[in-house]
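# Remarks on the overall topology
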Amino acid sequence: MIQKPLSVPEAIDKRRSTKDFSSTPVSQESLEEILRLTVSAPSSWNLQPWRIVIIDDENDREKLHKACFHQRQILEAPLTLVFAVDHKSWESDMEPIIAQAHKEGAWPEEYCEIARQAIPGGQNALENAGLLREYAIKDAMIAATQCVLAATSIGLKTTFMNGWMEPAVKAVIGAADQENISIAVLVPLGHAAETLTNPGRLPRERTVFHSRLTS
Ligand SMILES: Cc1cc2nc3c(=O)[nH]c(=O)nc-3n(C[C@H](O)[C@H](O)[C@H](O)COP(=O)(O)O)c2cc1C
């Protein structure tokens, strides 16, 4: 049974990057709830370019561990979520996304037409500017953030991970030769007894400004 979820502020305050996971598995019920909240993330034009691969097989975890410069959390956590993106998924997903939004009553017909016109032009312009990958990764990072907060809210631990070699991670998820696939972030997920200390943040005046950015 999933614990009563923490509030959003409580989950934000409680989240810490965890390296020492126990071997306790993540229940299917918890994983389902985390994934439900993860893929409910917003994305540009609701295009949902994330492709999330659950890595829980022992051999795959070992390969992923190597791809992550042997960072121990990959081996310790019972599973890792690989947040990949498909920069070209919009081509086949656009119509079903528009149809669904229309059926749900969220997008009126006029807005659906605007989307049909604007999405290909916008995506092609991003591709020409070399930004398609970056924009897909922005969406995936928002989904990963929801994932981490959802996991924290029901008592699980995570770490965002940038420390990996992309070709090796792509090989683990079976996308070695797919140029349209990039890796956004990895999130090991599991249980941990340890109480981690917040490493703190820069003084607010260093990172938050009013009206103008000043150095
Ligand atoms: C995008 C991103 C990538 C990160 N990559 C790694 C990583 O590869 N390995 C690791 O041990 N921690 C990684 N971290 C964790 C950070 O070191 C950690 O978030 C930071 O020290 C602040 O600690 P906190 O998360 O407990 O607040 C990453 C964090 C972020 C947001």
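Note: the structure precedes this text.
As a starting point, this report considers the structure included with it. (Residues numbered from 1 in each chain as written. Predicted model: local features only at pLDDT ≥ 70, side-chain atom pairs only at ≥ 80, totals over all residues.)

### Structural notes on the overall build of the protein
This is how it is decided: Helix and strand definitions follow DSSP, with helices as H or I runs of at least four residues and strands as E runs of at least two, each counted in order from the N terminus. Here a residue counts as buried when 20 or more other C-beta atoms fall within 10 Å of its C-beta, as exposed when 12 or fewer do, and as partly exposed in between; the C-beta atoms come from the backbone. The contact rule is simple: place each C-beta atom from the backbone, and if two of them lie within 7 Å, those residues are in contact.
Per the secondary structure count, the protein includes nine helices and four strands. Sequence-ordered secondary structure for the protein, helices as α and strands as β, is α-α-β-α-α-β-α-α-α-β-α-β-α. Here the C-alpha coordinates of the protein stretch approximately 55 × 45 × 40 Å along the principal axes. Per-residue burial over the protein gives 30% buried out of 215 residues. By sequence separation, contacts in the protein at least 24 residues apart represent 84% of the contacts at least 6 residues apart.

### A short note on the pairing of strand 4 (residues 181–190)
Filter applied, for reference: Here, any two strands with at least 2 DSSP bridges between them count as paired.
Counting buried positions along strand 4 yields 10 of 10 residues, so the element is predominantly enclosed. In the sheet, strand 2 (residues 79–86) pairs with strand 4 via eight bridges, with the strands oriented antiparallel. Looking at the pairing, Thr-80 lines up with Pro-188 of strand 4.

### Focus on the nonpolar core
Note the following rule: By convention the nonpolar core is taken to be a set of buried residues drawn from Ala, Val, Leu, Ile, Met, Phe, Trp, Tyr and Cys and joined through C-beta atoms within 7 Å.
Counting 39 residues, the largest nonpolar core has Phe-83, Ala-140 and Val-187 as the members making the most contacts within it. Elements with a minimum of two residues in this core: strand 1 (50–55), helix 3 (58–67), strand 2, helix 7 (132–153), helix 8 (166–172) and strand 4. No other element matches helix 7, which puts 11 residues into this core. Not counting residues within four places of it along the chain, the set of residues in contact with Ala-140 comprises Pro-49, Trp-50, Phe-83, Val-85, Ala-184 and Val-185. Within the second largest apolar cluster, five residues are counted, among which are Leu-47, Trp-90, Ile-98 and Ile-119.

### Digging into the sheet that holds strand 1
Worth spelling out the cut-off: Every angle, taken between N-to-C directions, lies between 0 and 180 degrees, and every axis is a line fitted to C-alpha atoms, over only the stretch in contact when it is a helix.
As summarised here, the arrangement of the four strands in space is 1-2-4-3, forming an open sheet in which the pairing is antiparallel. Each edge of the sheet is formed by a strand with only one pairing partner; in this case those strands are strand 1 and strand 3 (157–158). Sheet contacts for helix 7: strand 1, strand 2, strand 3 and strand 4; angle to strand 4, the most-contacted strand, approximately 5 degrees.

### Details of unusual backbone geometry
Within the chain, Trp-45 stands out as a residue other than glycine whose phi angle is a positive 55 degrees. When you line up the elements, Trp-45 lands in the loop between helix 2 (28–38) and strand 1.

### Quick notes on the packing of helix 5 (residues 89–103) against helix 6 (residues 109–128)
How we decide: Orientation labels follow simple angle bins: below 35 degrees gives roughly parallel, above 145 gives roughly antiparallel, 65 to 115 gives roughly perpendicular, and whatever is left gives oblique. Crossing handedness is defined as follows: a turn of the near helix away from the far one that is anticlockwise and smaller than a right angle gives a left-handed crossing, while the clockwise case is right-handed. Basically, the charged four are Asp, Glu, Lys and Arg, the nonpolar ten are Ala, Val, Leu, Ile, Met, Phe, Trp, Tyr, Cys and Pro, and anything else, Gly included, counts as polar.
Where helix 5 meets helix 6, the axes come as close as 10 Å, and the angle between the chain directions of the two elements is 165 degrees. What the angle tells us is that helix 5 and helix 6 run roughly antiparallel. The chirality of how helix 5 crosses helix 6 is right-handed. Between helix 5 and helix 6, the residues in contact are Trp-90, Met-94, Ile-98 and His-102 and Glu-109, Cys-112, Ala-115, Arg-116, Ile-119 and Gln-123, respectively. Partitioned by chemical class, the residues of the contact of helix 5 with helix 6 number six nonpolar, two polar and two charged.

### Observations concerning the packing of helix 2 against helix 7
The angle between the axes and the distance between the axes are what describe a pair of packed helices. Axis separation between helix 2 and helix 7 bottoms out at 8 Å; the angle between their running directions is 145 degrees. Read as a crossing pair, helix 2 and helix 7 show a hand that is right-handed. Facing helix 2, whose interface residues are Glu-33, Ile-34, Leu-37 and Thr-38, helix 7 presents Ala-143, Gln-146, Cys-147, Ala-150 and Ala-151. In the contact of helix 2 with helix 7, the residues fall into six nonpolar, two polar and one charged.

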